[in-house]
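Reading the structure
Listed below are the residues making up each chain.
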Amino acid sequence: MRFRAMAPHPHLRIAALAALAGAALSFAPATNSQGALPSMGDPSDLTVGAERRLGENIARELYRDPDVMDDPILAAHVQALWDPLMRAARARGDITPEQAEQLAWRVVLVRDRTVNAFALPGGYFGVHLGMIAATQSRAELASVLAHELSHVTQRHIARLLTRQNQQTPLLLAAMLLGAMAASRSPDAAGAAFVGGQALAAQQQLNFSRDMEREADRVGFGVATEAGYPGSGFVSMFERLYQANRLSDSGAFPYLRSHPLTTERIADMQSRLPPGELARAGPPDRVHAMMSARARVLAQRAAISEPAPRAQDSVADTAAVFYARTLLARQRGDHAAARAALARLAEAARGDAQAEYQVRLLAAETALAEGDAARAAGLLPLVTVDRAGLLLAAQARLSPDEARETAARLLQWVSENPQDAQAWQTLAQAHQAAGQPLRALRAQAEVLAAQGDVSKAVDTLRAAQDRWRKTGPERADDWLDVSIIDARHRELAERLRRERQDDPNRSRGR
């Protein structure tokens with residue numbers, strides 16, 4: 001697929017945090033099921049709990065940036081790659097029981113067309129849409145995720161903070177100030193990052209390549225034990241290396257915080273079973289479609305439509321018409337979107353996973369046209385996957401269907417209480433069903449899941465005020481208000497603890 005390149009846009013460089021935490025890390029000893037690696041660093045004095053709190057402080061600010069997005073379809077694709085990596089890391093012993101319990105292990109998407117991914121303290125990870133768009137297989141994207149996962153399991157950031165104790169306050173200040181400046185001024189965020197990076201660069205860069213090699217080795221083991229071919233590491237590294245040789249436009253920040261060398265690529269090649277590079281699997285239509293989706297959603301201006309070519313594989317053809325559907329929908333050309341969908345359905349035929357992705361896109365397109373009935377006909381409310389459930393719920397927000405929709409969403413959020421978008425859809429369903437107290441409670445849970453505990457407490461207080469002013473409006477309002485009261489006490493205590501940990505928050509920072 002070919003898209004017209006767009007000019008860079010002024011935008012928060014969330015990658016600055018990653019680069020600071022990546023280019024300035026010390027090398028740590030690692031132990032896994034393949035045997036121990038040489039120890040080149042002292043154990044970290046930063047506890048796992050302290051690392052989680054540090055990560056929460058950074059993530060709380062990042063989540064407020066509008067470019068940190070939740071696209072259920074792309075998020076489901078990334079999560080499907082992430083879950084086997086987590087299982088493999090646990091099985092290998094890379095993730096300790098304490099880490100498994102206390103760290104977040106959350107991956108977020110960043111609406112940015114640059115090729116980047118990063119890990120932050122506390123088990124928070126980010127993937128730019130540009131990275132998804134740049135990969136040509138699930139194995140390639142899994143290799144990036146495994147590499148970033150290994151930075152956290154090997155406690156690289158924690159070891160940096162322990163070993164560089166004299167520079168730690170300045171590094172933390174640069175990271176936190178860069179994050180907090182994000183919502184106000186991209187220039188301020190960049191300045192905070194550059195200042196902190198320049199201060200530590202000379203001494204810290206001596207550790208960077210060793211740290212990256214360790215993340216390669218551990219990540220390779222995690223990815224292959226998770227069932228991904230190791231050739232994904234090699235092909236991804238080679239593609240990035242060639243991009244680095246041909247261009248220094250700034251579109252590949254991953255290359256700056258993760259320096260690639262021919263030695264590292266050769267190391268990955270040497271770990272492959274004989275002949276693995278020559279073995280090509282069937283074209284992956286699903287990943288090709290997700291890559292196309294990421295490429296379109298990452299753009300901030302109109303781009304030219306890709307055109308099918310005679311030599312395209314079936315996966316390439318699916319990607320072309322997936323992109324054409326999205327682009328037609330963005331410009332409001334519903335007829336063109338339906339025509340592209342029909343061609344996409346032909347390219348996906350015979351691949352059950354690809355066919356399901358076409359149904360999701362078709363339902364999404366129907367909702368964009370205002371045809372909720374058509375969307376509901378494509379996806380039943382009993383759909384068990386997140387993307388399908390959220391689209392099915394959005395198609396059933398009429399007063400006649402809202403109660404059933406709310407009941408299904410309640411089941412989901414009871415098992416996934418950090419799912420802000422599910423809570424938001426639940427709030428809409430409660431409102432449509434004439435359940436205002438429940439709608440306010442759900443809206444508070446949206447804010448809590450996004451880390452804005454103060455506003456969540458305020459929203460629950462508004463629900464309590466409504467109850468005091470109007471009294472019970474429905475028979476089961478007594479139960480609802482008792483739940484709201486209990487949740488208000490819980491979140492108010494959490495806010496009190498957060499303000500104790502960070503006095504600046506109590507002053508409105």
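First, a word on scope: everything that follows refers to the structure included in this document. Note that the structure is a prediction, hence the values are computed from the model and not measured.

Concerning the pattern of salt bridges
- Scanning the entire structure with this criterion turns up 32 salt bridges.
- Ionic pairing is found between Asp71 and Arg293, a salt bridge with its closest N-O pair at 2.9 Å. Of this pair, Asp71 sits in the loop between β3 (68-69) and α3 (72-92) while Arg293 sits in helix α13 (residues 285-298), and the two are 222 residues apart along the sequence.
- For Arg293, a relative accessible area of 1% puts it in the buried group.
- For Asp351, the salt bridge goes to Arg285, with nearest N and O atoms at 3.7 Å. Of the two residues, Asp351 sits in the loop between α15 (334-348) and α16 (352-368) while Arg285 sits in helix α13, which places them 66 residues apart along the sequence. Grouping residues by exposure puts Asp351 and Arg285 together as buried.
- One continuous salt-bridge network, built from bridges that share partners, spans Asp71, Arg293, Arg329 and Glu364.

As for the packing of aromatic side chains
- Applying the stated criterion across every chain yields a total of five aromatic pairs.
- Ring centres of Trp105 and Phe125 lie 6.3 Å apart, and the angle between their planes is 15°; on these two criteria the pair is classed as stacked. Taken as a pair, Trp105 in the loop between α4 (97-102) and β4 (106-110) and Phe125 in strand β6 (residues 124-128) lie far apart in primary sequence, 20 residues in all. You'll find Trp105 and Phe125 in the same group, each marked buried.
- Members of the aromatic cluster, each reached through a chain of ring pairs, are Trp82, Trp105 and Phe125.

Some points on the pairing of β4
- Across two bridges, the pairing between β3 and β4 is antiparallel. Bridging across to β4, Met69 finds its partner in Leu109.

Some points on the sheet that holds strand β5 (residues 117-120)
- Overall, mixed pairing links the four strands, which are arranged β3-β4-β6-β5 in an open sheet. This sheet does not close on itself; its edge strands, each paired only once, are β3 and β5.
- Bridging between β4 and β6 involves five bridges; their strand directions are parallel. Paired with Val108 across the bridge in β6 is Gly126.
- Sheet contacts for helix α6 (residues 138-153): β5 and β6; angle to β5, the most-contacted strand, approximately 20°.

Quick word on the environment of Glu148
- Within the fold, Glu148 resides in helix α6.
- Each C-alpha atom of the pair Glu148 and Asp216 lies 9.2 Å from the other, and the pair is 68 residues apart in sequence.

Reading the values: rules and limits
- Residues numbered from 1 in each chain as written.
- Predicted model: local features only at pLDDT ≥ 70, side-chain atom pairs only at ≥ 80, totals over all residues.
- Heavy atoms only, no water.
- Salt bridge = Lys/Arg side-chain N within 4 Å of Asp/Glu carboxyl O.
- Helix = DSSP H or I, 4+ residues; strand = E, 2+ residues; numbered from the N terminus.
- Buried < 20%, exposed > 50% of the residue type's maximum accessible area, 1.4 Å probe, protein only.
- Phe/Tyr/Trp six-rings, centres within 6.5 Å; stacked < 30°, edge-to-face > 60°.
- Pairing = 2+ DSSP bridges.
- Contact = heavy atoms within 4.5 Å.
- Axes fitted to C-alpha atoms, helices over the stretch in contact; angles between N-to-C directions.

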